[in-house]
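Structural overview
What follows is each chain in one-letter form.
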Amino acid sequence: MDRFHGRDHKLRGRISGNLRQNIEYIEEVMRDCNDLIKKEFQTGREKNTKIYILYIDGLVNVDMIQESIVKPLLLEGGGYEKDVLDQRIIESADRKWISKMEEAVTGVLSGCTVLFIDGISQAVLISTKFFPNRGVQTADQEASVVGPKDSFNESLRTNTALIRRRIRDTRLKVIQKQVGTRSKTDYALMYIEDLAPEEVVSRVEEEIGEICVDGMFDSGMMEQFLEKKCKTPFPMYQLTQRPDKTASGLMEGRVAVIVDNSPMVILLPVTIHMFFQASDDYYNRWETATFARILRYISAFLAVGLPGFYVAIAGFHPEILPTPFLLALVSAREGVPFPVVVEVILMEVAFELLREAGIRLPGQLGGTIGVVGGLIVGQTAVEAHLVSTIVVVVVALTAIASFSIPNEIFTGAFRLLKFFLIFMCAVWGLYGFFLGFLAVFLHLFHLESYGVPYMYPTAAKGDGKVTAVQDYVVRAPLSHMKLRPEFTRRGARRRQKEDGNGQ
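Model, not experiment: these values are computed from the prediction.

1. Here's the deal with the overall build of the protein
On a plain count of helices and strands, the protein comes out with 17 helices and twelve strands. Within the protein, the proportion of its 503 residues that are buried is 47%. Within the protein, contacts between residues separated by at least 24 positions form 64% of all contacts whose residues are at least 6 apart in sequence. Of the roughly 25500 Å² that the protein leaves accessible, carbon and sulfur atoms contribute 58%.

What follows is the structure, given as structure tokens:
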């Protein structure tokens, strides 16, 4: 442990004008790092200036280092001053002088190249980053029939560029910092200066600054650290892999958090109704988009309540069913040895196992899960009188309803709540069904996201409810959506003037 403390102490030191001392620091701190490329050489024809170059193999553009750094140094004479290096020799524009060893080591590990010059108590940090990445591909989790097809990848700079490509406004700000004491992961806070409320931006920046963890590897981890005080199965942040959805959120005064090495971007504040919105809604005609949204709200109700409702009716209140349907229910359950609630739970757990197996299996074996689920778990279980045909239909319809919601992370809450409703209905029947939904709605109305009610615009402040319903269950024509949501900065809510020019 003393060895690590000593290493941290050295990193906090300043760069020395003695090149040999700097080399000893680097050799000690970064020993056993075989991907570290380090070279000491003398420059120019006079060979009277010693330079030590440092970078990580695989994180840099080697051609750039050779052409823009090493070659100009070797062709010039020795005896360099800082002004000479800046103005005539180093050809890279993205460079800066640093004076601390911690900055040098962190820069090298981030894909930069560092030059130590003998006799100068500073080093040159040159950006030569060239990370391996997947490139810009099609969004696989939020696929759309119409609209852009590109999606974020694991490169922070690529993701910010995809947003910049859509919003060419000097008021779009990017605050880039690092989080993680060991991983030192880059993240960017993006917002439009005159649209995002200043208190929200300050609060997000402060909350991320308070995160003290050794490593941060994905936006999902960032989300969990930010919502550490929130006890709810519903996501309090929106994760998206679509640049167009992120740009649209920024234009509404929201804040985007982009984490390096993650293909998902965090959007905040968020409301529950944003999870029912898809990118297609704004590229299709408003009649089609409205119909699709109504289906999604119905699907959400079915995904949460249908299994519990069946348990309540079949177990407690069969008398409310029409006689033909009641006879069909009794006939279907003939020979099944389990109570209704056990039957439903068995099928729901079996389906959850199939879903998890389908996610973990390689793509070539994904079709096998459909065969196993349809034939073995479905048909064979019915023929063996383990479950009834009606339960299979109920579970299948519940699954289809959950798949129709365009946000996979949001449906995770439904997967938990349906078991809560099943338990309530197994104990109190239809009374438990209504009490369960009442508890869920009371919980939802209690939640807030950075001062915005989670059930906005069902629960709205001021005059926000009047304009927000234009982008609610019914999506109004784009020409009628003249105002931004209520959570946009006050005084900047109009996005479309009467003559068609926005601001």
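That was the structure; now back to the text.
2. Observations concerning helix 5 (residues 101-109)
Restricting attention to buried positions, one finds in helix 5 the residues M101, A104, V105, T106, G107 and V108. G111, located one to two residues past helix 5, shows a positive phi value of around 105°.

3. Looking at the sheet that holds strand 9 (residues 255-259)
Judged by pairing direction, the sheet is antiparallel, and its five strands sit side by side in the order 6-7-9-10-8 without closing on themselves. Only two strands of the sheet have a single partner each, and these edge strands are strand 6 (172-179) and strand 8 (238-240). Between one strand axis and the next, the sheet turns by 25° as a mean value, whatever way the strands run. In terms of strand pairing, strand 8 meets strand 10 (residues 265-268) through three bridges, oriented antiparallel. When the bridges of strand 10 are listed, T240 appears paired with V265. Together, strand 6, strand 7 (185-192), strand 8, strand 9 and strand 10 form the strand contacts of helix 9 (residues 243-251), whose direction differs from that of strand 7 by roughly 50°.

4. Structural notes on the layout of surface pockets
There is about 800 Å³ of room inside the second largest pocket. Of all elements in the fold, only helix 9 and helix 17 (464-468) reach the threshold of two or more residues within the lining of the second largest pocket. Take the lining of the second largest pocket: its biggest share by element is six residues, from helix 9. Broken down by class, the residue content of the lining of the second largest pocket amounts to 15 nonpolar, eleven polar and eight charged.

5. Remarks on a nonpolar patch on the surface
A cluster of nonpolar side chains, F423, V427, W428, Y431, L435, L438 and L442, forms an exposed patch at the surface whose accessible area comes to about 780 Å². For the nonpolar patch, the elements supplying multiple residues, two or more each, are helix 15 (408-428) and helix 16 (430-446). Sort the elements by how many residues they give to the nonpolar patch and helix 16 lands first, with four residues. Assignment of secondary structure puts W428 in helix 15.

6. With respect to the packing of helix 12 (residues 340-360) against helix 15
Following both chains from N to C, one finds helix 12 and helix 15 inclined at 170°, their axes separated by 11 Å at the closest point. Judged by the angle between their axes, helix 12 and helix 15 are roughly antiparallel. Where helix 12 abuts helix 15, its residues V341, V344, I345, E348, V349, E352, R355 and E356 lie against R415, K418, F419, I422 and A426.

7. Here we look at the nonpolar core
Judged by nonpolar contacts, the single largest core of 72 residues is most densely connected at M222, V257 and Y454. Tallying contributions element by element places helix 10 (residues 286-315) first for this core, with nine residues. Once residues within four sequence positions are removed from consideration, Y454 is found in contact with F234, P235, M236, V270, T271, I272, F275, F410, L444, L447 and E448. Counting 20 residues, the second largest nonpolar core, distinct from the first, contains I26, L54, M101 and V108.

8. A word on the pairing of strand 9
In terms of burial, strand 9 is largely enclosed, as five of its five residues are buried. Relative to strand 9, strand 7 is paired through four bridges, and the arrangement is antiparallel. Looking across to strand 9, one finds that Y187 is bridged to V259. Hairpin connection between strand 9 and strand 10: a loop of five residues separates the two successive antiparallel strands, and N261 in this loop has a positive phi of roughly 75°.

9. A closer look at the sheet that holds strand 3 (residues 95-98)
Pairing is antiparallel in the open sheet, where five strands are placed in the order 1-2-4-5-3. The open sheet terminates on both sides in strands that have one partner only, identified here as strand 1 (36-43) and strand 3. Between one strand and the next, the sheet's axes are offset by a mean angle of 20°, whatever the strand orientation. Two strands pair when backbone bridges link them, and strand 4 (residues 112-117) and strand 5 (residues 123-127) are joined in this way by five bridges, in the antiparallel orientation. In the strand pairing of strand 5, L115 is matched with V124. Contacts from helix 2 (residues 19-29) reach strand 1, strand 2 (49-56) and strand 4, with the element oriented near 20° to strand 2. Contacts between helix 5 and the sheet are confined to strand 1, strand 2, strand 3, strand 4 and strand 5, with strand 4 contributing the most and set at about 140° to the helix.

10. Thoughts on the UniProt feature "transmembrane region" (unreviewed entry) in the protein
The feature "transmembrane region" (unreviewed entry), as annotated in UniProt, sits at residues 294-316, 384-405 and 417-445 in this numbering. Span residues 294-316 is 96% helix and 0% strand, its end C-alpha atoms 30 Å apart.

11. Notes on helix 9
Burial analysis of helix 9 places seven of its nine residues in the buried class, which makes it a mostly covered element. Taken residue by residue, helix 9 has P243, D244, K245, T246, A247, G249 and L250 as its buried positions. Here the buried face of helix 9 lies against helix 6 (156-166), strand 6, strand 7, strand 8, strand 9 and strand 10. Residue G253 follows helix 9 closely and has a positive phi angle near 90°.

12. Some words on the pattern of salt bridges
Counted according to the given criterion, the structure contains 18 salt bridges. K38 is the partner of E27 in a salt bridge, and the nearest nitrogen-oxygen pair spans 3.5 Å. Separated by eleven residues along the polypeptide, E27 in helix 2 and K38 in strand 1 bring together distant segments of the chain. Across the salt bridge formed by R242 and D244, the nearest N and O atoms sit 3.0 Å from each other. Salt bridges sharing partners connect three or more residues here, namely E348, E352, E356, R415 and K418.

Each value, and the rule that gives it
Residues numbered from 1 in each chain as written. Predicted model: local features only at pLDDT ≥ 70, side-chain atom pairs only at ≥ 80, totals over all residues. Heavy atoms only, no water. Helix = DSSP H or I, 4+ residues; strand = E, 2+ residues; numbered from the N terminus. Buried < 20%, exposed > 50% of the residue type's maximum accessible area, 1.4 Å probe, protein only. Contact = heavy atoms within 4.5 Å. Areas by Shrake-Rupley, 256 points an atom, 1.4 Å probe, with all protein chains shown as cover. Pairing = 2+ DSSP bridges. Axes fitted to C-alpha atoms, helices over the stretch in contact; angles between N-to-C directions. 1 Å grid on protein atoms, 1.4 Å probe; cavity = no way out; pocket = protein on both sides within 12 Å on 5 of 7 lines; lining within 4 Å. Points joined across faces, edges and corners; volume = space filled by probe spheres on them. Nonpolar A, V, L, I, M, F, W, Y, C, P; charged D, E, K, R; others polar. Patch = residues over 30% accessible without salt bridge, like charges linked within 9 Å, V, L, I, M, F, W, Y side chains within 5 Å. Salt bridge = Lys/Arg side-chain N within 4 Å of Asp/Glu carboxyl O. Parallel < 35°, antiparallel > 145°, perpendicular 65-115°, else oblique. Core = buried A, V, L, I, M, F, W, Y, C linked by side-chain atoms within 4.5 Å. UniProt positions renumbered as here; feature names shortened; annotations may be inferred.

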